[in-house]
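Notes for the structure review
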Amino acid sequence: MPETYATVAEYRPLYALMDAIKALVPWTWMQETDIFGVQNPETDELGFVSPMGMAGEHYAVAVYRGAKGLYGFLGLSQQPPAQIVESLFQIPQFQASFENRELLEKVDRDRIKELGLKYRGQNAWPLLRSFHPGYYPWRLESAEARFLHYALEQVLEVAPRFKAQPTLLRPKGKNRYFVRTAERQGDRLVWQDTVQEVPPPVPTNLRLSMDPQLLAAVQQLPKARLTLEMDFSMMPTPIRERDQRPYFPYMLMVVDAQSGMILAGDLLHPDPSLEAMWGEIPLKIVQLCAGLRAIPAEIRARSPLLHQLLQTIQPELNFKLKQSNRLPALDSAQNEMTQFFRQ
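1. Some thoughts on the pairing of strand 7 (residues 188-197)
Relative to strand 7, strand 6 (residues 176-185) runs antiparallel, the two being bridged by ten bridges. Bridging across to strand 7, Arg 184 finds its partner in Leu 189. The antiparallel pairing of strand 6 with strand 7 creates a hairpin that spans two residues between the two strands, and Gly 186 there sits at a positive phi of about 70 degrees.

Shown next as structure tokens:
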């Protein structure tokens, strides 16, 4: 579907709200985990607001979208350090941050100039971004700008109340959150406090792609004395096609554990979703076996997700499957690939 980006006029009130939030400095008394919800009065979608900046390094307001966004954020603390960046880009969210001028793109600086606004100094320039899972942070669509507007307005309302009443955002009960909701009365919105239960999202049932005839043919192939090391991870350099939202390609890399030879290095696109992309992986492995004209004796996978996906074809192909963080041949190949992409 074509995206309708917010106009310059739709950005004006967002910059005004950012100015007010910067003057309020809510991060001096609120931590990232001091979360409250805002229900979009247009769609009923929930956004969970988290102020950042108490550490004095990054000043921002994040709005995590829905239960997936909320629990994605809460789960970051459980991720190994190497996985945090990739996991962050898989969380649906808005980020309204204060940055140095050089971190803004030309379109941001031109918009600010057109509006007649002036900012100066470090951590002074508002940057407003939308995160779609698997995609590079990008400019806001019109509907997203309105949702973010509601959320930033409520920061100005809720943050001072929380300062005076620290228990405000601690409702009793499991998975219960303080949420601001609105009702339209005439030409204005009237906001009120509610407490809502927000359980973790139901795990997505992946639809796996498979070619039954190819799978049947591969099952007849001989077993090779071959151990494969595999990983599946996000590449650090985004790709942009025409005027589309830039995305992060994901690399499925397969290496011969003994020789170090790269047997596969497929770049996958998270379109139409991350889940659809993940569903392609079992077929990719079956195609690899067909190309090798053999079934490996053992596959070692680093990514827990990749290990889980390989389990769907393990009974049919009868290879030994192991999850391991120590994959020396793969590490060497990935380092070479990373250097190539950086160049």
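Moving on, there is more to tell.
2. Describing the sheet that holds strand 9 (residues 250-256)
Taking strand neighbours across the sheet as the criterion, the five strands line up as 10-9-8-11-12 in an open arrangement whose pairing is mixed. Each edge of the open sheet is held by one strand with a lone partner, namely strand 10 (262-268) and strand 12 (320-323). Sheet twist, expressed as the mean angle between neighbouring strand axes with direction ignored, is 20 degrees. With six bridges joining them, strand 9 and strand 10 adopt antiparallel strand pairing. Bridge assignment links Val 255 to a residue of strand 10, and that residue is Ile 262. Seen against the sheet, helix 8 (residues 281-292) touches strand 8 (223-234), strand 9, strand 10 and strand 11 (295-301) and runs at an angle of roughly 150 degrees to strand 10.

3. Points about the environment of Arg 225
Among the structural elements, Arg 225 can be located in strand 8. Since its relative accessible area comes to 88%, Arg 225 is described here as exposed. Spatially, the C-alpha atoms of Arg 225 and Arg 300 are 14 Å apart, while their sequence positions differ by 75 residues.

Calculation rules
Residues numbered from 1 in each chain as written. Predicted model: local features only at pLDDT ≥ 70, side-chain atom pairs only at ≥ 80, totals over all residues. Heavy atoms only, no water. Pairing = 2+ DSSP bridges. Helix = DSSP H or I, 4+ residues; strand = E, 2+ residues; numbered from the N terminus. Axes fitted to C-alpha atoms, helices over the stretch in contact; angles between N-to-C directions. Contact = heavy atoms within 4.5 Å. Buried < 20%, exposed > 50% of the residue type's maximum accessible area, 1.4 Å probe, protein only.

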